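The chain contents come next:
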Amino acid sequence: MYINLSWYEIVRKEEKDKILRKKRDFGYDTIIWLIQKGCCIDIAKNHKASYAHQHILILIADEYAIEVPCVIIGKTIHLITFYVSRSAKKAYKDFICSN
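Residues numbered from 1 in each chain as written. Predicted model: local features only at pLDDT ≥ 70, side-chain atom pairs only at ≥ 80, totals over all residues. Heavy atoms only, no water.

Colleague: What is the right way to look at unusual backbone geometry in this model?
Modeller: Most peptide bonds are trans, and most residues other than glycine sit at a negative phi. For aspartate 25, which is not a glycine, the phi torsion comes out positive at approximately 70 degrees. Note that aspartate 25 resides in the loop between α1 (14–24) and α2 (28–37). One non-glycine residue, aspartate 62, adopts positive backbone phi at about 55 degrees. Along the chain, aspartate 62 turns up in the loop between β3 (55–61) and β4 (64–73). Assessed through its relative accessible area of 58%, aspartate 62 is described here as exposed. (Helix = DSSP H or I, 4+ residues; strand = E, 2+ residues; numbered from the N terminus. Buried < 20%, exposed > 50% of the residue type's maximum accessible area, 1.4 Å probe, protein only.)

Here it is, written out as structure tokens:
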């Protein structure tokens, strides 16, 4: 089951995007494209107490699961960061399209 987030406004910080592009070889443009394409399969609360105000979007891209910590306020998603997650890949293996 995929989650439709197309009616949300997505906000990002350009400075953070530059850092992430250098570290991870892709940036928020790819994450936003995946969200708009309908690749979000779950929205979880962040389980760490210090980040209890955050949610984590789980996105599927090819054989990868990407976790996207964010803050959701009304109809706005504020992206914080993103990372490829092996634990999410294992947890959501039924959604992964491996070759």
